[in-house]
Amino acid sequence: MGDAIEPKVIAFCCHYCAYSAADLAGSMRLEYSPNVRIIKLMCTGKLDTLHLLKAFEDGADAVFVAG
Amino acid sequence: MITAERKSFDQIKESIKEFESLLVLGCGTCVSVCMAGGEKEVGLLASELRIKNRLDGRDVRIGEATIQRQCDQEFIGPILETARKYDAVLSMACGAGVQLVAEMLAPMRVIPALNTRFIGITQEEGVWVERCRACGNCVLADYGGICPITMCAKSLVNGPCGGSKGGKCEASNEKDCAWVLIYNRLKKQNRLENIFKMFMPKDYSTQAHPAQMVNEAYLKVGVEEKHGK
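Every chain begins its residue count from 1, and numbering advances along the sequence as written. The naming scheme follows written order: chains are lettered A onward, ligands numbered 1 onward. Reporting in this predicted model follows two pLDDT cut-offs: at least 70 for local features of residues, and 80 or more for side-chain atom pairs to be given and counted; totals over whole chains, interfaces and linings ignore these cut-offs and use all residues. Side-chain calculation: all heavy atoms of the structure are included, whereas hydrogens and water are not.

Q: Explain the overall build of chain A here, please?
A: Counting from the N terminus, the helices are DSSP H or I runs at least four residues long and the strands are E runs at least two residues long. A count of helical and extended segments in chain A gives two helices and three strands. Seen in sequence order, chain A has helices and strands lined up from the N terminus as β-α-β-α-β. Its C-alpha atoms put chain A at 35 × 35 × 10 Å along the principal axes. For chain A, the proportion of its 67 residues judged to be buried stands at 25%. Counted over contacts in chain A with a minimum sequence separation of 6, partners at least 24 positions apart contribute 78%. Only the protein chains shown count as cover for residues, with accessible areas throughout obtained via the Shrake-Rupley method and a probe of 1.4 Å. Surface summary for chain A: the accessible area is close to 4700 Å², and the carbon and sulfur share equals 58%. A positive count includes Lys and Arg, and a negative count includes Asp and Glu. His and the chain ends are not counted in either. Charged groups are reduced to one reference atom each: NZ for lysine, CZ for arginine, CG for aspartic acid, CD for glutamic acid. Taking the average location of the 6 positive side-chain charges in chain A and that of its 8 negative ones, the two points are 8 Å from each other. The buried label applies to any residue whose accessible area, calculated with a 1.4 Å probe on protein chains only, is under 20% of its type's maximum; exposed applies above 50%, and partly exposed to all values in between. Contacts: residue pairs with any heavy atoms within 4.5 Å of one another.

Q: So what exactly am I meant to see when it comes to the packing of aromatic side chains here?
A: Each aromatic ring pair is specified by the distance between its two centres and by the angle formed by the two planes. All names here are of chain B. Pairing of aromatic rings covers Phe, Tyr and Trp, the last through its six-membered ring, and needs centres within 6.5 Å; plane angles under 30 degrees mean stacked, over 60 mean edge-to-face, and all others mean tilted. Counted under the stated rule, the structure contains two aromatic pairs over all chains. A centroid spacing of 5.0 Å and a plane angle of 50° characterise the contact between Tyr143 and Phe199, whose relative ring orientation is tilted. With Tyr143 in the loop between strand S7 (127–132) and helix H7 (148–151) and Phe199 in the loop between helix H8 (178–188) and helix H9 (216–226), the pair connects residues that are 56 residues apart, well separated along the chain. As far as burial versus exposure is concerned, Tyr143 and Phe199 are alike and both buried. Clustering of aromatic rings is evident, with ring pairs tying together Tyr143, Trp179 and Phe199.

Q: Any chance you could explain helix H3 (residues 39–55) of chain B here in plain terms?
A: Along an α-helix, residues three or four apart share an orientation, since each turn contains 3.6 residues. With 17 residues, H3(B) extends 24 Å from end C-alpha to end C-alpha; this agrees with the ideal 24 Å at 1.5 Å per step. When H3(B) is considered as a whole, its buried residues turn out to be Glu41(B), Val42(B), Gly43(B), Leu44(B), Leu45(B), Ala46(B), Ser47(B), Leu49(B) and Asn53(B). Where the residues of H3(B) are buried, they touch helix H2 (49–57) of chain A together with strand S1 (2–6), helix H1 (9–15), strand S2 (21–27), strand S3 (61–67) and strand S4 (88–92) of chain B. Downstream of H3(B) by a residue or two, Gly57(B) has a phi angle that is positive, lying close to 70°. Every helix has an expected span of 1.5 Å times one less than the residues it contains.

Written out as structure tokens, the structure reads:
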């Protein structure tokens, strides 16, 4: 596993659902991969193509949107 | 508005491959409205170029700027200094904007990122259609506000022709016959007698290129100011 690539993943999460779920996971002491970085949005409807491109531009290997 | 659409990414990439630094310059008027070259599109294109360059292992400095209009000197003036810090400018304006920026930055290279299409209107979200050919001799009053020069495939001023079928044009079944539209509009206006009028061939001399127009009043004010009267 030492040589395995660990992709940097940016997660855009809606405050009201996906982010709350992640928060709950934290409260329950559930672990998730540290290579997933969460960015909270008040609503994923606010997400713009530019945000996705910027994430890739700044080195993300994958982006996921949850809302 | 003047409508335009972006060239393909491959075409753009090919046209700028020789530059080490590039300013992507947007225009905040017509092409902003038709979502081809405004601030948002500048951001998208610049970002795409940065990602592509990184993937290709190329170190190219990409800057972004959007000005109110690229067809007015007063808006271009303030960005000249910034623009000169780059090897070239990738202009996301219509052809007029690209030319004025190129003139003011000469001999610097200014590359067009858009294909200018036509003078048109927004029909629905994401759809623009041509409505004016800028013929310089408007005849809309005679035809109920529908332009036969633009809307008729043959630009007939006395129509319809024999190719009008079921309200559609023989050039394309998807295109309305302009003359049916004109007939219906005149009928609604109770001006159907207009359809029987014979109009003289249109004077196209107003379309001589390159066209120019002068507002004498403003010109005189300018002259007086220059001479301190």
